[in-house]
Amino acid sequence: MVPPVRFNPQAWLAEARALIGAAHVLSADRGDDLSACTRDWRNKFEGPALAVLRPADAGEVQSLVRLAARTGVAIVPQGGNTGMCGASVPTAGGPQAILQLGRLDRILEIDPGNNTATVEAGCILQTLQEQAAAAGRLFPLSLGAEGSCQIGGNIATNAGGVQVLRYGNMRDLVLGLEVVLPDGERLDLLRGLRKDNTGYDLKQLFIGAEGTLGIITAATVKLFPAPGAEVVAFAGMSSIGQAVRLLGAMRARLGERFTAFELMSGEAVELVRSHFPGTPAPLEGRWPWHVLMEATDGGSDEALREAMQAALMACLEDGCLEDVVLAGSLAQGQALWALRENITHAQQMDGGNIKHDISLPISRIPAFVEQMLPRLLQAFPGARPIVYGHLGDGNLHFNVSAPAGIAPAAWQRETDAVNQLIHDAVAEMRGSISAEHGIGQLKRHEMALYKTPAELEVMRRIKQALDPQGLMNPGKVL
Ligand code: FAD
Ligand code: 2HG
Ligand code: ZN
């Protein structure tokens, strides 16, 4: 990125204010507090912003992007700022403006006949879930930050979450996109088609690109029939090998009805219980591993419960699990989900951690975990691994909290060494170092280590073709 010659911030801000209104161009020089936008959710990354721009529609996004392109100002697209990799905040370098999509929050259409919704990028995920439910439909993407993350951010990160097992990740849910390109051109790919083989599928470029190729302003996404019945179960077992066998057996028995399969170590459950007093212990005994399972369908609760119970009993007899409880009510089911969703918060309250968002072929996960835990403890005595995640998708959060008595900042200094140990082993098993959170700033240098030169070169060529000035979210991904 080339910094503009004789750049005049005041003149730039005045131009931006003339384009979208003074109230929607926030800047530190006039006393606006930008910290909620310049610092990431984990408090790990922070960068200075020339301004926080809050356009009202795609036309205003285009005007701002054209201004930025003409003046050499970089744009950092930002949704709910809940990302885990520092991708939504500025980096050091030339002038960077955060373009916050929150005012583009309308649901433009829900088409129950086509099972689609067309929404602006700044729509909060939970709002879309609720509006889809009001129309008798399900928008299945579900994750702990759903009350504040935005559809545009979900698309830009190709978010995963807890329903991928049945419905896929965000990429599988997107049918159409509208994107403002780095030169301000608007690309209208907003089609609600399930089949369309007319050349390159351009929308795929922007899904998971973390805002480095353009700004998503709207999307058409898939909806599904709203399930009437839902059953949640919580199981305990001694080994991950049992959990993997349980997954296979439950899928074989319940098929499409099986929607979630979340793994939690005993330590993860205890951590949540210690930071969220009142969290019930779902099972009587303590188990090294737990699994939270969910099944849904369009029939009755009783029938689904019976099917789940029968499947679980067979698994108990086969030794895939050692204890299990079925939620007896919606509230009990929600409490089990809260236990799972609070792990991130509990780790944050515990003083932060070194996060890993790995994926592996599911069949290799037991061997990976069994080998990695002792190796980790040998290399970093006292380290506290908090292992959990979306086992049904082969995606684990192999997070490592600091040994007792080690300050969070000191532990963060071990990041590269801990990452190398874990990610080298993942690469040896042909896994991924980022299953669902993305690369951002956090894993940029690591991606360069684990991708092949040919993969990186094709990525660079795509970036160069779409963003030759390098102004779209610089310092992220590549
Ligand atoms: P932001 O954080 O604002 O931005 C993320 C990236 O997208 C940045 O690169 C940004 O530039 C880009 N971006 C944002 N909006 C646009 C746009 N309109 N156009 C172009 N680029 C854009 N993630 C999961 O995948 N699965 C989980 O289970 C999960 N659980 C979470 C639980 C908690 C408690 C928290 C805090 C986070 C969790 N996340 C999870 C991470 C995060 O919520 C997701 O990555 C989410 O998709 C980010 O959405 P956002 O709107 O907050 O995006
Ligand atoms: C989850 O699965 C999220 O809960 C967050 O992806 C994971 O905090 C984390 O590391
Ligand atoms: Zn996750």
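Our subject is the structure that appears above.
A brief structural summary.

Calculation criteria
- Residues numbered from 1 in each chain as written.
- Chains lettered and ligands numbered in written order.
- Predicted model: local features only at pLDDT ≥ 70, side-chain atom pairs only at ≥ 80, totals over all residues.
- Heavy atoms only, no water.
- Near = heavy atom within 4 Å.
- Polar contact = N/O pair within 3.5 Å; in protein donor to acceptor, adjacent residues only side chain to side chain.
- Areas by Shrake-Rupley, 256 points an atom, 1.4 Å probe, with all protein chains shown as cover.
- Helix = DSSP H or I, 4+ residues; strand = E, 2+ residues; numbered from the N terminus.
- Buried < 20%, exposed > 50% of the residue type's maximum accessible area, 1.4 Å probe, protein only.
- Contact = heavy atoms within 4.5 Å.
- Salt bridge = Lys/Arg side-chain N within 4 Å of Asp/Glu carboxyl O.
- Donors = N, O, S within 2.8 Å, 3.2 Å for Na, K, Ca; no water.

What follows deals with the site of ligand 1. Neighbouring ligand 1 are 37 residues, the closest being Pro77, Gly79, Gly80, Thr82 and Gly83. Gln150 places a polar main-chain atom, nitrogen or oxygen, 2.8 Å from an oxygen atom of ligand 1. Between ligand 1 and Gly153 there is a distance of 3.5 Å, counted from a nitrogen atom to a backbone nitrogen or oxygen. Out of a free accessible area of 970 Å², ligand 1 has 97% covered by protein chains. Looking at the shell around ligand 1, the elements with two or more residues in it are β3 (74-78), α5 (151-156), β10 (215-222) and α12 (330-349). Element by element, the count of residues in the shell around ligand 1 is highest for α5, at four residues.

Among all positions of helix α10 (residues 266-275), only Gly266, Ala268, Val269, Leu271 and Val272 are buried. On its buried face, α10 is in contact with β12 (229-237), β13 (258-265), β14 (289-297), α12 and β18 (384-390).

Under the defined criterion, the tally for this structure stands at 16 salt bridges. Across the pair Arg257 and Asp297 runs a salt bridge, and its minimum N-O distance is 4.0 Å. One end of the pair, Arg257, is in the loop between α9 (240-254) and β13; the other, Asp297, is in strand β14, and 40 residues separate them in sequence. A salt bridge links Glu270 to Arg273, with the shortest nitrogen-to-oxygen separation between them at 4.0 Å.

A few words on the site of ligand 2. If you check the shell around ligand 2, you find Met84, Arg340, Thr344, Lys355, Tyr388, His390, His397, Asn399, Glu436 and His437 and nothing else. Here Arg340 contributes a side-chain N or O atom positioned 2.7 Å from an oxygen atom of ligand 2. Measuring from an oxygen atom of ligand 2, one finds a side-chain N or O atom of Glu436 at 2.9 Å. Taking 290 Å² as the accessible area of ligand 2 by itself, protein coverage stands at 89%. The set of elements that each furnish at least two residues to the shell around ligand 2 consists of α12, β18 and β19 (395-401).

Coordination of the zinc ion (ligand 3) by the protein is provided by His390 (NE2), His397 (NE2) and Glu436 (OE), with metal-donor distances spanning 1.9 to 2.1 Å. In primary sequence terms, the donor set of the zinc ion (ligand 3) follows H-x6-H-x38-E. Of this pair, His397 sits in strand β19 while Glu436 sits in the loop between α15 (415-428) and α16 (444-450), and the two are 39 residues apart along the sequence. Each member of the pair, His397 as well as Glu436, is classed as buried.

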